Amino acid sequence: MQISTKMSFYSRFIFFFFLLTLTSSVYCTPPDSVLIGYVSKDKIIQNDDYKWGSEGYNQYKPLWSNHDIEFIKLKKTGLNITIVMGTWCEDSQNHVPKLLKILNQVHFPENQIKIYCVNREKQITEPTLKSMNINYVPTILIFKETIEIGRIVENPIESLEKDLLEIIKKTN
């Protein structure tokens with residue numbers, strides 16, 4: 001009976017160790033590949049460490065009508081967009097490259113786009129972002145001058161294009 005108990009204990013230990021190893025390899029990214037702080041658009045879409053960035057950007061076909069494109073082009077003056085993301089986060093990997101492609105299509109000035117990367121605890125070192133109540137990533141904040149007019153949190157309600165358009169329409 002004792003041999004059976006010892007075998008059962010060792011079997012459970014090995015199984016637990018296996019699960020621990022498996023989950024850590026699936027969910028953990030090497031620490032040096034997680035970006036933290038302010039990054040450029042190119043760091044996301046032209047980085048060999050982040051194939052998801054270039055693939056998401058190059059493969060996405062924005063869903064704008066010509067009317068919507070012209071509307072955004074007219075309204076982009078005075079708008080600023082801050083993107084808070086995690087390079088480790090699947091939602092960020094999915095939505096941020098698409099958003100950058102959308103903004104490129106409407107010729108949104110790069111100097112009006114700020115991208116900040118956070119760690120898994122969503123800690124933000126930039127003082128201006130600490131007061132912005134970032135609980136989920138990605139969080140896309142849209143400002144008219146310095147006033148926040150809307151945000152897209154984690155996933156769009158309809159689509160990135162439609163949600164962005166609805167927020168920008170509030171500036172009228």
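Computed from a predicted structure; not experimentally measured. (Residues numbered from 1 in each chain as written. Predicted model: local features only at pLDDT ≥ 70, side-chain atom pairs only at ≥ 80, totals over all residues. Heavy atoms only, no water.)

**Student:** Sorry, what's going on with the overall build of the protein here?
**Tutor:** Along the backbone of the protein there are seven helices and five strands. For the protein, the α and β elements follow one another from N to C terminus as α-β-α-α-α-β-α-β-α-β-β-α. Residues counted as buried form 44% of the 172 residues belonging to the protein. Long-range pairs, those at least 24 residues apart, make up 70% of the contacts in the protein between residues at least 6 apart in sequence. Surface exposure of the protein reaches about 10600 Å², of which carbon and sulfur atoms provide 56%. (Helix = DSSP H or I, 4+ residues; strand = E, 2+ residues; numbered from the N terminus. Buried < 20%, exposed > 50% of the residue type's maximum accessible area, 1.4 Å probe, protein only. Contact = heavy atoms within 4.5 Å. Areas by Shrake-Rupley, 256 points an atom, 1.4 Å probe, with all protein chains shown as cover.)

**Student:** Looking at this structure, how should I read the environment of Ile 149?
**Tutor:** Assignment of secondary structure puts Ile 149 in strand 5 (residues 147-153). By relative accessible area, which is 18% here, Ile 149 ends up buried. Along the sequence, Ile 149 and Thr 171 sit 22 residues apart, while their C-alpha atoms lie 7.6 Å from each other. Apart from residues lying up to four places away in sequence, Ile 149 is in contact with Leu 79, Ile 142, Phe 143, Lys 144, Ile 167, Lys 170 and Thr 171.

**Student:** Quick question: what am I supposed to make of the packing of aromatic side chains here?
**Tutor:** Each aromatic ring pair is described using two quantities: the centre-to-centre distance and the angle formed by the ring planes. Applying the stated rule across the entire model yields two aromatic pairs. For the pair Tyr 38 and Tyr 116, a centre-to-centre distance of 5.7 Å together with 65° between the ring planes defines the contact as edge-to-face. Taken together, the residues span a long stretch of sequence, with Tyr 38 in strand 1 (residues 37-39) and Tyr 116 in strand 3 (residues 113-117) at a distance of 78 residues. The class for Tyr 38 is partly exposed, based on a relative accessible area of 48%. (Phe/Tyr/Trp six-rings, centres within 6.5 Å; stacked < 30°, edge-to-face > 60°.)

**Student:** Is there a simple way to think about the pattern of salt bridges in this case?
**Tutor:** Side chains that differ in sign of charge can pair as their charged atoms come close. According to the stated counting rule, one finds five salt bridges in the structure shown. Across the pair Glu 70 and Lys 73 runs a salt bridge, and its minimum N-O distance is 3.8 Å. On the criterion of helical spacing, the pair formed by Glu 70 and Lys 73 is a turn pair, its members being three residues apart in helix 4 (residues 66-75). For Lys 169, the salt bridge identified is with Glu 166, shortest N-O distance 3.7 Å. Here the residue Lys 169 and the residue Glu 166 both occupy positions in helix 7 (residues 160-169), the gap between them amounting to three residues, near one helical turn. Overall, the relative accessible area of 39% leaves Lys 169 in the partly exposed class. (Salt bridge = Lys/Arg side-chain N within 4 Å of Asp/Glu carboxyl O.)

**Student:** So what exactly am I meant to see when it comes to the side chain of Asn 119 here?
**Tutor:** Positionally, Asn 119 belongs in the loop between strand 3 and helix 6 (127-130). A distance of 3.1 Å separates a polar atom in the side chain of Asn 119 from the backbone nitrogen of Glu 121. (Polar contact = N/O pair within 3.5 Å; in protein donor to acceptor, adjacent residues only side chain to side chain.)

**Student:** What am I meant to see in the confidence of the model for the protein here?
**Tutor:** Any region with low pLDDT has predicted coordinates that should not be read closely. In this model, the protein carries an average pLDDT of 84, and 81% of its residues clear a pLDDT of 70 or more. Counting contacts from residues 15-31, a segment whose pLDDT is below 50, to residues more than four positions away or on other chains yields six contacts. (pLDDT = per-residue confidence, 0-100.)

**Student:** Even after reading the chapter, I still don't get the nonpolar core, so can you show me in this structure?
**Tutor:** Soluble globular proteins: nonpolar side chains tend toward being buried together. In this structure, Ile 44, Ile 83 and Leu 164 are the most contacted members of the largest nonpolar core, which totals 35 residues. Not counting chain neighbours up to four residues away, the residues in contact with Leu 164 comprise Trp 64, Ile 81, Leu 99, Ile 102, Leu 103, Ile 142 and Ile 152. (Core = buried A, V, L, I, M, F, W, Y, C linked by side-chain atoms within 4.5 Å.)

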